[in-house]
Amino acid sequence: MSWLDRAHGGLVAPRRVRVLRDHLASILPPGVRVLDVGCGDGELAAAVAAARPDIEIRGIDVLVRSGTRIPVAPFDGRHIPDPDSSSDVVLLMDVLHHAEDPAALLREAARVARLAVIVKDHVREGWLAGTTLRLMDWVGNARHGVRLSYAYWSKAEWERELARAGLRADWRLTTLGLYQAPASWVFERGLHFIARLRHDGAVGAVGPKPERTS
């Protein structure tokens, strides 16, 4: 194991789980059934379930690991093997940029989600954005055998694909707090976002009142 693996596993990954757990726990509607697409070992999902015992959460992944923290079923990475509107919320947590066809998977998530799709991903904008994102991706995922396609979308591409999927954000955050300074100066800087997406034209609240986006 390299020093990069040790640093990521000991410092970056635990903080990521805590930060994303808190964001998800604050925006998930009460009592929902959640499908975590590309859940990995289920550590984040299990942390969310512990913080929100009112929800039910399960996962699917292309690569099902041994000893997962939540129930995980295999899928082909493109077609979610569930009926329309069969889950209240679908999570896509740093998943789309690994997908063989990210636009198709986003549309599948919209099909399966009754209330909302929650996405955590990246925006390829700014100086050396693509290079920085590739480095983060390789350090965090290569040792797990995760497919690294480095398919990061620009802001315009995100807007186009969300419109094609019939989704719009009712809550969005671009300063997540995933890294401490000085690492945040390099690895945060608007490259990450988390958003709760609703079907375009949907009415009524799906969860906590949206905070001001940033």
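From a predicted model like this one, the values you see are computed outputs, not experimental measurements.

Trainee: Would you mind going over the nonpolar core with me for this structure?
Mentor: Nonpolar side chains in soluble globular proteins generally cluster together in the buried interior. Ranked by internal contacts, the top residues of the largest apolar core, which has 28 residues, are Val37, Leu92, Leu105, Leu106, Val117, Trp158 and Leu167. At 6 residues, helix H3 (residues 102-112) tops the list of elements feeding residues into this core. The residues touching leucine 105, leaving out its near neighbours within four places in the chain, are Val37, Phe75, Gly77, Arg78, Ile80, Leu92, Val95, Leu96 and Ala99. Counting 26 residues, the second-largest nonpolar core is a separate cluster that includes Leu28, Ala45, Val89 and Met93.

Trainee: Sorry, what's going on with the pattern of salt bridges here?
Mentor: Going through the model one piece at a time under the given rule, you end up with 14 salt bridges. Where glutamate 108 meets arginine 111, a salt bridge forms, and the shortest distance between an N and an O atom there is 2.8 Å. Note that glutamate 108 and arginine 111 are positioned in helix H3 at a spacing of 3 residues, about one turn of the helix. For glutamate 108, a relative accessible area of 13% puts it in the buried group. Each of Arg16, Asp94 and Lys120 takes part in one network of salt bridges that share partners.

Rules used throughout
Residues numbered from 1 in each chain as written. Predicted model: local features only at pLDDT ≥ 70, side-chain atom pairs only at ≥ 80, totals over all residues. Heavy atoms only, no water. Core = buried A, V, L, I, M, F, W, Y, C linked by side-chain atoms within 4.5 Å. Buried < 20%, exposed > 50% of the residue type's maximum accessible area, 1.4 Å probe, protein only. Helix = DSSP H or I, 4+ residues; strand = E, 2+ residues; numbered from the N terminus. Contact = heavy atoms within 4.5 Å. Salt bridge = Lys/Arg side-chain N within 4 Å of Asp/Glu carboxyl O.

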